Amino acid sequence: MAEQDYKFYLNAGIDKTNQGKFEEALELLEKALGLNDKNALIHFSKAIVYHNLNQLRAAYENYSHAIEIDAKMIDAYYNRAQTILAFDNPSKEELQEALEDLLKATELDEKFIDAYYYAATIKKKFEDYEGAIELLDKVLELEPQAPYSRALKKLIEQKYLGH
């Protein structure tokens, strides 16, 4: 019966999240977690709620729990990186972790355009301009009209590489 119960609370929590009722969603997801703490989707769903509430450290921790349970949860890597990028003045180590998460997301999904783009922005911050260009070229290969990637590539080439 617990199997059915946790799914009920999980689905209800996701519905409340989609309705923007984050406090209610958290209560339901906590009930689901109480019945099954080994389900990556419950932790991921809690992380999304915390992310929406701008409780970034709690979001980060829950994305990390989801990844510990399911190492192939692509969106958990991407969202955890987005959480780090939203920190006030992320450290170089935190940015490195975000970069690793984004690259892991692209490893698991070779067509994850947004992950390539954000990884390129971090490489630019690290002054790895050639590495950033490589990632932006991958985006443009997948989506030739990607305006932000095209603009960032042009900026890097002109301002930093002197092309």
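Up top is the structure.
Rules and cut-offs
- Residues numbered from 1 in each chain as written.
- Predicted model: local features only at pLDDT ≥ 70, side-chain atom pairs only at ≥ 80, totals over all residues.
- Heavy atoms only, no water.
- Salt bridge = Lys/Arg side-chain N within 4 Å of Asp/Glu carboxyl O.
- Helix = DSSP H or I, 4+ residues; strand = E, 2+ residues; numbered from the N terminus.
- Buried < 20%, exposed > 50% of the residue type's maximum accessible area, 1.4 Å probe, protein only.
- Expected span 1.5 Å × (residues − 1).
- Contact = heavy atoms within 4.5 Å.
- Phe/Tyr/Trp six-rings, centres within 6.5 Å; stacked < 30°, edge-to-face > 60°.
- Lys NZ or Arg CZ within 6 Å of the ring centre and 35° of its normal.

Caption draft 1: Broad picture of the pattern of salt bridges. Scanning all chains against the criterion turns up 10 salt bridges. The salt bridge involving E24 is made with K16; its shortest N-O contact spans 3.2 Å. A salt bridge links R57 to E94, with the shortest nitrogen-to-oxygen separation between them at 3.3 Å. Highlighted residues: R57 in helix α4 (residues 56-69) and E94 in helix α6 (residues 92-108), separated in sequence by 37 residues. For R57, a relative accessible area of 49% puts it in the partly exposed group. Residue class for E94 comes out buried when judged on its relative accessible area of 19%.

Caption draft 2: Fine view of α4. Its 14 residues give α4 an end-to-end C-alpha distance of 20 Å, which sits within 8% of 20 Å, the value for a rise of 1.5 Å per residue. Residues of α4 that are buried include every one of L56, A59, N62, Y63, S64, A66 and I67, and no others. Where the residues of α4 are buried, they touch α3 (40-52) and α5 (74-86).

Caption draft 3: Highlighting the packing of aromatic side chains. In this structure the tally under the stated criterion is 7 aromatic pairs. Their ring planes at 50° and their centres at 6.4 Å tell us that Y60 and F87 sit as a pair that is tilted. Of this pair, Y60 sits in helix α4 while F87 sits in the loop between α5 and α6, placing them 27 residues apart in sequence. On the basis of relative accessibility, which here comes to 8%, the residue F87 falls in the buried class. Geometrically, the ring pair formed by Y117 and Y118 is edge-to-face, given 5.3 Å between the ring centres and 80° between the ring planes. Feature note: the residues Y78, F112, Y117 and Y118 constitute an aromatic cluster, connected by ring pairs. It is R57 that lies over the ring of F87; its NZ or CZ is 3.8 Å from the centre.

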